[in-house]
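Letter by letter, the chains look like this.
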Amino acid sequence: EPEVTQTPSHQVTQMGQEVILRCVPISNHLYFYWYRQILGQKVEFLVSFYNNEISEKSEIFDDQFSVERPDGSNFTLKIRSTKLEDSAMYFCASSHDRAPVSYNEQFFGPGTRLTVL
Amino acid sequence: DQQVKQNSPSLSVQEGRISILNCDYTNSMFDYFLWYKKYPAEGPTFLISISSIKDKNEDGRFTVFLNKSAKHLSLHIVPSQPGDSAVYFCAVREETSGSRLTFGEGTQLTVNP
C-alpha cells in the first residue's frame, strides 16, 4: 500500500541553525501539507501546497518557514533559523484531491521529531 | 484554539465491548469530519469520515455519528479489540478555509484483553 515517507525520523539541531525536513508524498497525489505537533499539544496545520505554490498557510508559517518541491517526488520544509519553540513532531501529508473538488482524506507520514537545543 | 474539543483524554474498555469516542466543535461552517488513529512513533492514520449532509457513516467495526444541532461527533468501535489501543483524533474541515484540517486534542483508547 502506498504511503508517505519522511526523513530523517529525528533531527537534533542548535538554535539558529537551518534545518530541512524531507517528505516523499504518495506518488499520484497532487496536494501536499505540513502539520506539526508540539509535545502535549494539538496537531496544527502549517501549510498546503499545490502546483508548485503555497495554496494556504497558517499564522504559524511565518518568514522563517518555506516549502519546496525540488523534484518530482520530494516535498521539503525548511526552517531558516530554528528557535527552541520549533521543537515538535513535523508531519507531512498528501491527498489526491482537495476541497471543494472532493472531500480530501489526507494521508500522513510517520513524522520527523525536531529537537532544537 | 478551542474550535474542536475532545474532552476525554483517555478511555479504557474491555475487549469485545463498545468504545465511544466523542468530539465537540463550535463552528457551524465545518462541513467535513474525520477520525484519525495514531500509534506511538507513527503519523495519524485516516480511519473514517463523514460529510455534513449525513448523520451516520459505517465502515466495518467503525461508525461515525454526526449531530449537527449539538455540534457533536462520535466514533463507535464495536467490538473493540486490543489492537485498537491508540490515540484517536477527530479533525474537521471548513469548506471556506480550503483543505486545512483542525484537530482535537486526542483521546487515548486502551482496550484491555
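Our subject in this report is the structure included herewith. (Residues numbered from 1 in each chain as written. Chains lettered and ligands numbered in written order. Predicted model: local features only at pLDDT ≥ 70, side-chain atom pairs only at ≥ 80, totals over all residues. Heavy atoms only, no water.)

**Considering the packing of aromatic side chains**
- With the rule as written, the count across this model stands at 17 aromatic pairs over all chains.
- One aromatic cluster is present, built from ring pairs that chain together A:Tyr35, A:Phe45, A:Phe91, A:Phe107, A:Phe108, B:Tyr36, B:Phe46, B:Phe89 and B:Phe103. (Phe/Tyr/Trp six-rings, centres within 6.5 Å; stacked < 30°, edge-to-face > 60°.)

**Regarding the interface of chain B and chain A**
- Listed per partner, the contact involves 25 residues of chain B and 22 residues of chain A.
- Overall, the association of chain B and chain A removes approximately 1900 Å² of surface from exposure, summing both partners, and the carbon and sulfur fraction of that is 56%.
- On the chain B side of the interface with chain A, the three residues burying the most area are B:Ser99, B:Arg100 and B:Phe103, jointly 30% of the side's total.
- Applying the counting rule to chain B against chain A returns one salt bridge.
- For the salt bridge of A:Glu56 with B:Arg100, the shortest nitrogen-to-oxygen distance reads 3.6 Å.
- Seen at the junction of chain B and chain A, the total is nine residue pairs in polar contact (both at pLDDT 80 or more).
- Put simply, the parts of the chain that give the side of chain B that touches chain A at least two residues each are β4 (30-38), β5 (45-51) and β9 (86-94) of chain B.
- No other element matches the five residues that β4(B) contributes to the side of chain B that touches chain A. (Contact = heavy atoms within 4.5 Å. Buried area = accessible area lost by both parts, 1.4 Å probe. Salt bridge = Lys/Arg side-chain N within 4 Å of Asp/Glu carboxyl O. Polar contact = N/O pair within 3.5 Å; in protein donor to acceptor, adjacent residues only side chain to side chain. Helix = DSSP H or I, 4+ residues; strand = E, 2+ residues; numbered from the N terminus.)

**Regarding the pairing of β9(B)**
Residue and element names in this part refer to chain B.
- Of all nine residues making up β9, eight are buried, and the element is well covered by its neighbours.
- Where β4 meets β9, eight bridges bridge the pair, whose relative direction is antiparallel. Among the inter-strand pairings, Phe30 is bridged to a residue of β9, identified as Glu94.
- Where β9 and strand β11 (residues 107-112) come together, three bridges link them in antiparallel fashion. When the sheet's bridge partners are listed, Tyr88 is paired in β11 with Thr107. (Buried < 20%, exposed > 50% of the residue type's maximum accessible area, 1.4 Å probe, protein only. Pairing = 2+ DSSP bridges.)

**Details of the environment of A:Ile60**
Residues and elements named next belong to chain A.
- With respect to the element layout, Ile60 can be found in the loop between β6 (53-57) and β7 (65-68).
- For the pair Ile60 and Thr82, spaced 22 residues apart in sequence, the C-alpha to C-alpha distance is 13 Å.
- Setting aside residues up to four positions removed in sequence, Ile60 forms contacts with Arg36, Glu44, Phe45, Leu46 and Phe65.

**Re the side chain of A:Arg69**
Residue and element names in this part refer to chain A.
- Take Arg69: it is sitting in the loop between β7 and β8 (75-79).
- Within the buried core, Arg69 has no salt-bridge partner, and the shortest N-O distance to an opposite charge, that of Asp71, equals 5.9 Å.
- At a separation of 3.4 Å, a polar atom in the side chain of Arg69 contacts the main-chain carbonyl oxygen of Ser73.
- Here Arg69 is in contact with Pro25, Phe32, Phe49, Asn52 and Asn74, once residues within four sequence places are set aside. (Lys, Arg positive; Asp, Glu negative; His and termini not counted.)

**Section: the sheet that holds strand β1 (residues 5-7) of chain A**
All names here are of chain A.
- The four strands are arranged β1-β3-β8-β7 in an open sheet whose pairing can be described as antiparallel. In this open sheet, the two strands that pair with only one neighbour each are β1 and β7. In this sheet, adjacent strand axes meet at a mean angle of 20° when their direction is disregarded.
- Sheet topology places strand β3 (residues 19-24) next to β8; five bridges connect them, and they run antiparallel. Residue pairing in the sheet places Leu21 in a bridge with Leu77 of β8. (Axes fitted to C-alpha atoms, helices over the stretch in contact; angles between N-to-C directions.)

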